Amino acid sequence: MRMRHKPWAKDKLAAYPQFVVGNPIEYKGNWKKAFGNDNPIHIEVGTGKGRFITEMAKANPSINYIGIELSERVIVAALDRLIEAEVTNLKLINFNAENLEDCFAKGDVDQIYLNFSDPWPKTRHEKRRLTYKTFLARYERILVDGGEIHFKTDNRSLFEYSLRSFSEYGLLLTNVSLDLHNSDFEGNIMTEYEEKFSKMGHPIYRSEVKYQN
Ligand code: SAM
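Reading guide: rules and limits
- Within any chain, residue numbers begin from 1 and follow the written order of that chain's sequence.
- Per-residue local features are limited, in this predicted model, to residues with pLDDT of at least 70; the limit for side-chain atom pairs, both in listing and counting, is 80 or more; totals at the level of whole chains, interfaces and linings are taken over all residues.
- Any residue whose backbone-placed C-beta atom lies within 6 Å of a molecule or strand is treated as near that molecule or strand.
- Think of it this way: any DSSP run of H or I at least four residues long counts as a helix, any run of E at least two long counts as a strand, and we number them from the N terminus.
- UniProt positions are given in the numbering used here, feature names are shortened, and annotations may be inferred rather than shown by experiment.
- Exposure criterion: with C-beta atoms placed from backbone coordinates, a residue whose C-beta has 20 or more other C-beta atoms within 10 Å is buried, one with 12 or fewer is exposed, and one in between is partly exposed.
- Two strands are said to pair when DSSP picks up at least two bridges between them.
- Comment: axis = line fitted to C-alpha atoms, over the contacting stretch for helices; angle = value between 0 and 180 degrees taken between N-to-C directions.
- The scheme is simple: roughly parallel for angles under 35 degrees, roughly antiparallel for over 145, roughly perpendicular for 65 to 115, oblique for anything else.
- Crossings are sorted by hand: turned counterclockwise from the far helix by less than a right angle, the near helix makes the crossing left-handed, and turned clockwise it makes it right-handed.
- Here, residues touch in the contact sense if the C-beta positions derived from the backbone fall within 7 Å of one another.
- Residue polarity follows a fixed list, in which Ala, Val, Leu, Ile, Met, Phe, Trp, Tyr, Cys and Pro are nonpolar, Asp, Glu, Lys and Arg are charged, and the others, Gly among them, are polar.
- To form a nonpolar core, buried Ala, Val, Leu, Ile, Met, Phe, Trp, Tyr and Cys residues must be joined through C-beta atoms within 7 Å.

A.B. asks: Can you help me understand the site of the ligand in this one?
C.D. replies: If you check the shell around the ligand, you find 21 residues, and the closest are Gly46, Gly48, Ala97, Phe116 and Thr191. If you list the elements that add at least two residues to the shell around the ligand, you get strand S2 (64-69) and helix H8 (192-199). Per-element tally for the shell around the ligand: the top contributor is H8, with 3 residues.

A.B. asks: Quick question: what am I supposed to make of the UniProt feature "binding site: S-adenosyl-L-methionine" (unreviewed entry) in the chain here?
C.D. replies: In the numbering used here, UniProt assigns the feature "binding site: S-adenosyl-L-methionine" (unreviewed entry) to Glu44, Glu69, Asn96 and Asp118. Across 75 residues of sequence, these annotated residues stay compact in space, with a maximum C-alpha separation of 13.6 Å. Along the chain, Asn96 turns up in the loop between strand S3 (90-94) and helix H5 (100-103). With respect to the secondary-structure elements, Asp118 resides in the loop between strand S4 (109-115) and helix H6 (133-142).

A.B. asks: Help me understand the pairing of S4 in this model?
C.D. replies: Note on strand geometry: in a regular strand, side chains alternate between the two faces of the sheet. Among the 7 residues that make up S4, 5 are buried, leaving the element largely enclosed by the rest of the structure. The pairing of strand S1 (residues 41-45) with S4 spans 4 bridges and is parallel. The residue bridging His42 from the neighbouring strand is Gln111, located in S4.

A.B. asks: Honestly, the packing of helix H3 (residues 51-59) against helix H4 (residues 72-85) in this entry has me stumped. Any pointers?
C.D. replies: Packed helices, taken two at a time, are described by the angle between their axes plus the distance between the axes. With their axes 9 Å apart at the nearest point, H3 and H4 run at an angle of 20° to one another. As far as their axial angle goes, H4 and H3 are roughly parallel. Two packed elements cross with a definite hand, and for H3 against H4 that hand is right-handed. On the side of H3, the interface is formed by Arg51, Thr54 and Lys58, while H4 contributes Arg81, Leu82 and Ala85. Considered class by class, the residues forming the contact of H3 with H4 number 2 nonpolar, 1 polar and 3 charged.

A.B. asks: Explain the sheet that holds S4 here, please?
C.D. replies: Two modes of strand pairing occur in sheets, parallel and antiparallel, and in both the strands are linked by backbone hydrogen bonds. Spatial strand order, S3-S2-S1-S4-S5-S7-S6: 7 strands in an open sheet with mixed pairing. The open sheet has two edge strands with one neighbour each: S3 and strand S6 (172-177). Going from strand to strand, the sheet's axes swing by 20° on average, the running direction of each strand aside. Across 4 bridges, the pairing between S6 and strand S7 (residues 205-210) is antiparallel.

A.B. asks: Help me understand the nonpolar core in this model?
C.D. replies: Most often, soluble globular proteins keep nonpolar side chains buried together rather than apart. Counting 46 residues, the largest nonpolar core has Leu79, Leu92 and Ile112 as its most contacted members. In terms of residue count, H4 provides more of this core than any other element does, 7 residues in total. Once residues lying within four places of it in the same chain are set aside, the contact partners of Leu92 are Phe19, Val20, Gly67, Glu69, Ile75, Ala78, Leu79 and Leu82.

A.B. asks: Would you mind showing me how to read the UniProt feature "binding site: substrate" (unreviewed entry) in the chain here?
C.D. replies: UniProt tags Lys122, Asp154, Thr191, Glu192, Tyr193 and Glu194 as "binding site: substrate" (unreviewed entry). For this annotated set, covering 73 residues, the C-alpha atoms extend up to 24.7 Å from each other, a dispersed arrangement in space. Following the sequence through the fold, Lys122 ends up in the loop between S4 and H6. Owing to 8 C-beta atoms within 10 Å, Lys122 belongs among the exposed residues under this scheme.

A.B. asks: In this structure, what is going on with unusual backbone geometry? I would like to understand it.
C.D. replies: Most peptide bonds take the trans form, and the phi angle of most residues other than glycine is negative. One non-glycine residue with positive phi stands out, namely Glu86, at about 55°. Within the secondary structure, Glu86 sits in the loop between H4 and S3. With phi around 50°, Asn175 is a residue other than glycine that occupies positive phi space. Among the secondary structure elements, Asn175 is positioned in strand S6. Note on Asn175: 12 C-beta atoms within 10 Å, which makes it exposed.

Right, dumping it as structure tokens:
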């Protein structure tokens with residue numbers, strides 16, 4: 001995602017501690033403390049400008065959401081959305097998902113969303129793909145038993161790669177769609193990338209996968 005440099009972004013993130021968790025490591029095993037309740041927690045890895053996660057939080061007040069985004073210049077746009085939406089069941093973390101286990105203990109997370117993850121098409125960058133086996137192992141170590149990943153992309157190669165990776169890891173694939181917007185799936189909430197690429201005529205691929213433990 002290309003954005004202009006925003007030197008003030010760090011200060012802005014720090015100015016809203018009610019929305020941006022500055023030290024997520026503190027809440028490992030105790031996210032109840034951050035939200036003030038023990039509702040289920042769904043996280044989006046690579047949340048971008050936050051449209052999906054904010055709309056999900058508005059639509060599902062009894063679920064707590066956490067948007068995780070590596071780029072502080074991008075997550076600041078998600079913060080703007082959150083300030084406007086004023087929901088209390090959404091927090092943002094400016095963090096690299098490679099370190100998820102520093103913030104979440106086994107069972108802290110009930111569901112994971114991966115939306116339009118960077119495809120990293122070169123083979124030498126395979127390990128950076130958020131559906132690479134080491135990421136699937138990290139997700140397993142923070143999810144509840146039988147937890148799920150819900151994955152959407154417009155990138156056919158990434159989708160095929162990811163279905164293979166899920167299946168080789170032993171995950172159960174359900175609700176696979178090769179054209180989400182022309183399927184009978186109800187209640188889809190679009191992400192920024194989803195809107196952009198579907199307007200360009202790209203079909204949207206989606207799958208749910210379940211850990212079988
Ligand atoms: N999910 C959004 C959407 O669908 O509009 C954004 C998609 S964008 C292509 C992918 C986002 O994932 C970028 O904002 C990128 O910074 C973020 N990202 C990539 N790798 C990440 C990682 N290891 N940890 C956290 N965020 C990551």
